[in-house]
Amino acid sequence: MKKKKSMILGSGLLIACCLLTACGSGRKGYSTESATETTDSAPYENSYATDDIYEEDVMTDAATEDAGEGSGSKGMAEESGKQVADNRKLIKNVDMTVETEEFEALTKKLTEKVEALGGYMEKAYVSGKSIQASYDSTRSASFTARIPADRLDEFVTEVSSISNVLDKNESVDDVTLDYVDLESKKKTLKIEQERLTTLLEQADSIETIVALESRLTEIRYQLENMESQLRTYDNLVDFATVYLDVQEVERVTPVAPQSAMEKMKDGFVNSVYQIGRGIKNFVIGLVIILPYLLLWGLIIFIFILIVKGIIKRNQKKAEKRQQSLHASRGNAMSVTVPKESQDFSNDGK
């Protein structure tokens, strides 16, 4: 009997422990160990498993939404950055110095190229005479061309291909902030103008009308100035400015790097060329001034003749004076002998 009682008591304690464990697992959530020990916890197992899946789905959806929002904001930022990059206001300027042996052909090609690209010549100045027209004389030209900004590189490449580029300087001025600031101020002034116009329509006193009209006049003046500045910016941005100096030469200047032998060779050839050019210029200059030399030679010859004539005339006058002086002295010697001399001669007889 004692053994049976003890076995019943142990079985009861075991069942109580299992129930407590099942209840604890039910409070704590899904447990794999409790599921294997008792089947009463199966409903709790399915319930908590579903909740966990729901929470995971919600978290996944939230993460997906966050990722979508992040990618969307990133895309919006990239699109905004692209718009800013596309709307940048850049003023491009190019300064070039070139030389050519065919001055007239180059200037003609430059003008035609500017027009073909949709640009225009803002300024053009040509000075000097052709080498063939005058000795030791060259022509030069200064151009200010306005080229569409998107075709500037094409024009610079064309100039480099038809002339010898000595110097090239490119610069870019970013006026985006100034442009945006002007546009913002313009919008603000327009809003103020609209409000003041509405108030002016409702005003019933002369003082208010005068004050409103005075302010409206100031706003119109500021708006006109801003619109003028914006148009100037637009023109400078849409059309790049190219300052081009062209020089006529008999021989182009080498600009590529040279070795020592090439430098010596070119130096020797250049020295011989300069000597020949100097002799040629001397002969040409001598021929050019020959009429002046003949004229001055004739004038000097006539002057010498006149001087010689004057000198001879003076010499003849001096000779005549001397002859007359000698003649007067001879006459004085042949005058009657004095009385004493005659008495002395008589006494001798």
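Thresholds, definitions, all that
Residues numbered from 1 in each chain as written. Predicted model: local features only at pLDDT ≥ 70, side-chain atom pairs only at ≥ 80, totals over all residues. Heavy atoms only, no water. Helix = DSSP H or I, 4+ residues; strand = E, 2+ residues; numbered from the N terminus. Buried < 20%, exposed > 50% of the residue type's maximum accessible area, 1.4 Å probe, protein only. Contact = heavy atoms within 4.5 Å. Areas by Shrake-Rupley, 256 points an atom, 1.4 Å probe, with all protein chains shown as cover. Pairing = 2+ DSSP bridges. Axes fitted to C-alpha atoms, helices over the stretch in contact; angles between N-to-C directions. Phe/Tyr/Trp six-rings, centres within 6.5 Å; stacked < 30°, edge-to-face > 60°. Lys NZ or Arg CZ within 6 Å of the ring centre and 35° of its normal. Salt bridge = Lys/Arg side-chain N within 4 Å of Asp/Glu carboxyl O. Core = buried A, V, L, I, M, F, W, Y, C linked by side-chain atoms within 4.5 Å. Parallel < 35°, antiparallel > 145°, perpendicular 65-115°, else oblique. Left-handed = near helix turned anticlockwise from the far one by under 90°. Nonpolar A, V, L, I, M, F, W, Y, C, P; charged D, E, K, R; others polar. Expected span 1.5 Å × (residues − 1).

**Brief notes about the overall build of the protein chain**
Next, step 1: Along its length, the protein chain carries nine helices and five strands.
Next, step 2: Relative to its full complement of 349 residues, the protein chain shows a buried share of 18%.
Next, step 3: Contacts spanning at least 24 positions in sequence make up 75% of the contacts within the protein chain whose residues lie at least 6 apart.
Next, step 4: Looking at the protein chain as shown, the accessible area adds up to about 26,500 Å², and 58% of this sits on carbon and sulfur atoms.

**Regarding the sheet that holds strand β1 (residues 90-100)**
Next, step 1: Across the sheet, which stays open at both edges, the five strands sit in the order β2-β3-β5-β1-β4 with mixed pairing between neighbours. What marks the edges here is a single partner per strand, and that holds for β2 (120-127) and β4 (164-174). The average undirected angle you get between the axes of adjacent strands in this sheet is 10 degrees.
Next, step 2: Summarising the sheet, β1 and strand β5 (residues 239-248) pair through eight bridges and their orientation is parallel. Considered in β5, the bridge of Met96 is made with Leu244.
Next, step 3: Across the face of the sheet, helix α5 (residues 152-162) comes into contact with β1, β3 (140-148), β4 and β5 while running at roughly 10 degrees to β1.

**A short note on the packing of aromatic side chains**
Next, step 1: Within this structure, the stated rule accounts for two aromatic pairs.
Next, step 2: A cation sits over an aromatic face here: Lys89 above Tyr179, 4.5 Å from the ring centre.

**Considering the pattern of salt bridges**
Next, step 1: For the structure on display, the rule yields 11 salt bridges.
Next, step 2: In this structure, Lys168 engages Glu170 in a salt bridge whose closest nitrogen and oxygen atoms are separated by 4.0 Å.
Next, step 3: Judged by relative accessible area, Lys168 falls into the partly exposed class, the value being 44%.
Next, step 4: Arg215 is the salt-bridge partner of Glu192, the closest N and O atoms lying 2.9 Å from each other. Of this pair, Glu192 sits in helix α6 (residues 176-202) while Arg215 is found in helix α7 (residues 206-238), placing the two residues 23 residues apart along the sequence.
Next, step 5: What makes Glu192 partly exposed here is its relative accessible area of 26%.
Next, step 6: Within this structure, Glu104, Arg139 and Glu248 form a network of salt bridges that share partners.

**As for the nonpolar core**
Next, step 1: Ranked by internal contacts, the top residues of the largest apolar core, which has 20 residues, are Leu110, Phe155, Leu244 and Val246.
Next, step 2: Filtering out sequence-adjacent residues up to four positions away, Leu110 remains in contact with Met121, Phe143, Phe155, Val159, Ile162, Leu244 and Val246.

**Remarks on the pairing of β5**
Next, step 1: Strand direction decides the pairing type here: β3 and β5, joined by nine bridges, are antiparallel. Residue Phe143 lies in a different strand from β5, and its bridge partner there is Leu244.

**Some details on the packing of helix α4 (residues 103-116) against α5**
Next, step 1: Following both chains from N to C, one finds α4 and α5 inclined at 165 degrees, their axes separated by 11 Å at the closest point. On the basis of their axis angle, the class for α4 and α5 is roughly antiparallel. Handedness of the α4/α5 crossing: right-handed. In this structure, α4 contributes Leu106, Lys109, Leu110, Lys113 and Val114 to the contact, and α5 contributes Glu154, Phe155, Glu158, Val159 and Ile162.
Next, step 2: Here the residues of the contact of α4 with α5 are counted per class, giving six nonpolar, no polar and four charged.

**Concerning α7**
Helical geometry note: an α-helix holds 3.6 residues per turn, so side chains three or four residues apart project in the same direction.
Next, step 1: Spanning 33 residues, α7 covers 47 Å between terminal C-alpha atoms, matching the ideal 48 Å at 1.5 Å per step.
Next, step 2: When we look at burial in α7, the residues that qualify are Leu212, Leu216, Ile219, Leu223, Met226, Leu230, Tyr233 and Val237.
Next, step 3: Looking at the buried residues of α7, the elements they touch are β1, α6 and β5.

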